[in-house]
Amino acid sequence: MTITDVPFWQDMQWEQVTLRILMLAVTWLLVWLVVRHIGRWLLRLIAQSRGFTDDDAGFTMLRRVLRGLVIVVGILSSLAILGLTPLLASTLTSVGIAGIILGLAVRDVAANFVSGVLLLFDRPFALGDYVSAGNVEGTVEHISLRSTRIRTPEGPVVTVPNSVIAANAISNFSMSRARRVELPWRLPIDAQIDAASAALIDLARADERVMAEPPPQVLVGDVRASFLDLVLVVYVRNEGWLVTRSDLRRELAAQLAEMKASQRNDSK
């Protein structure tokens, strides 16, 4: 069957044929312009994303997918303009079935890809930031359009799919100048809380890495029949906060050991 065998074309005047040809030309001109500008848009996006991601392979795949979608839309539009309704219907059915099968097969990959593009626009973190994303915490080492690699404090590098990151709260500790540190101290229920609180405050103020604002404070935690918990809450600089927290714990343990030794000497 040729295009002239379609009833739609048999009854058409030459003016209408000319109009259809013009519409086809305009359609593919638009397709060409969109495909061309998608490439330029992605090049600008790549240039702006330096420092956030260097996933050139991911951008190449994204450009090909977008161009393919635009060309498919152009083909379907051309079939509609030519009046090939049966062929258009069968094509849409085939594309729909193929799309469903392909969508089920690459559902997770597509979700990660879309999430990566959204993260690229939102930029909740950058390379080198210390973040908590989902149940993973550490330093961001690599960001692609599919996944993000985070080096945990324990050493291993965890690859987190971008769909998981986008679906959970993201804490970026590098965006603030300080980080909260809590040091618990369990005391007998009859202990002198004021004296113990003053000792904790002095411990915090003796370390220059502890920030003066907001000031250190001591809170009462769990209270049981035989004991209670005091919690020293301080804010330390982001740089080396793990070492600072360790040093504060070490100093607190040393003071507790001195206090116990002093109590033993007093009891003799």
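Our subject in this report is the structure included herewith. (Residues numbered from 1 in each chain as written. Predicted model: local features only at pLDDT ≥ 70, side-chain atom pairs only at ≥ 80, totals over all residues. Heavy atoms only, no water.)

### Here's the deal with the overall build of the protein
Put simply, the test is: Each helix is a run of H or I in the DSSP string that is no shorter than four residues. Each strand is a run of E no shorter than two, and both are numbered from the N terminus. For every residue, the accessible area obtained with a 1.4 Å probe (protein chains only) is divided by the maximum for its type, and the residue is called buried under 20%, exposed over 50%, and partly exposed between those limits. Throughout, a residue-residue contact means that at least one pair of heavy atoms, one from each residue, lies within 4.5 Å.
Secondary structure summary: the protein contains eight helices and eight strands in total. The buried share of the protein, taken over its 268 residues, is 33%. Considering only contacts in the protein between residues 6 or more positions apart, those separated by 24 or more positions represent 62%.

### A few points about the pairing of strand S7 (residues 217–223)
Counted only if it meets this: In this analysis, strands are considered paired if DSSP registers two or more bridges between them.
Here five bridges tie S7 to strand S8 (residues 227–237), and the two strands are oriented antiparallel to one another. Along S8, the bridge assignment pairs Gln 217 with Val 233. What sits between S7 and S8 in their antiparallel hairpin is a turn of three residues.

### Concerning helix H7 (residues 193–205)
Here is the rule: A helix is expected to span 1.5 Å for every residue after the first. Each direction from the helix axis to a C-beta atom contributes to the arc, which is the arc of those directions.
Compared with the 18 Å implied by 1.5 Å per residue over 13 residues, the 18 Å span of H7 between its first and last C-alpha is a close match. Among all positions of H7, only Ala 196, Ser 197, Leu 200, Ile 201, Leu 203 and Ala 204 are buried. For H7, the arc enclosing every buried residue in end-on projection is 155°, short of the 170-degree limit, so these residues lie on one face. For H7, the exposed residues lying more than 90 degrees away from the buried face are Asp 194 and Arg 205.

### Focus on the sheet that holds strand S3 (residues 147–151)
We count it as follows: To get an axis, a line is fitted to the C-alpha atoms, and for a helix only the part in contact is used. The angle between two axes follows their N-to-C directions and goes from 0 to 180 degrees.
Spatially, five strands are ordered S4-S3-S2-S1-S5 in an open sheet, and the strand pairing comes out antiparallel. Two strands close off the open sheet at either side, each with one partner strand: strand S4 (157–161) and strand S5 (170–172). Between one strand axis and the next, the sheet turns by 40° as a mean value, whatever way the strands run. Relative to S4, S3 is paired through five bridges, and the arrangement is antiparallel. Bridge assignment links Ser 147 to a residue of S4, and that residue is Pro 161.

### Here we look at the nonpolar core
The nonpolar side chains of soluble globular proteins are, as a tendency, buried together. Keep this limit in mind: By convention a nonpolar core is built from buried Ala, Val, Leu, Ile, Met, Phe, Trp, Tyr and Cys residues, the set being connected through side-chain atoms within 4.5 Å.
Leu 232 and Val 234 are the most contacted members of the largest nonpolar core, which totals 19 residues. Looking at this core, the elements with two or more residues in it are strand S6 (178–188), H7, S8 and helix H8 (241–267). Residue contacts for Val 234: discarding those within four places in its chain leaves Arg 179, Arg 180, Val 181, Ala 204, Val 210, Pro 216 and Leu 248. With ten residues, the next largest nonpolar core counts Val 131, Ala 133, Val 136 and Ile 150 among its residues.

### Some points on the sheet that holds S8
An order of S6-S8-S7 is seen for the three strands of this open sheet, with the pairing classed as antiparallel. Lying at the two open borders of the sheet, with one neighbouring strand each, are S6 and S7. The sheet shows a mean angle of 30° between the axes of neighbouring strands, direction not considered. Helix-sheet contacts for H7 involve S6, S7 and S8, and the interaxial angle to S8 is about 20°.

### What to know about the environment of Asp 247
For Asp 247, the position within the fold is in helix H8. Expressed as a C-alpha distance, the spacing of Asp 247 and Asp 207, which sit 40 residues apart in the sequence, is 9.2 Å.

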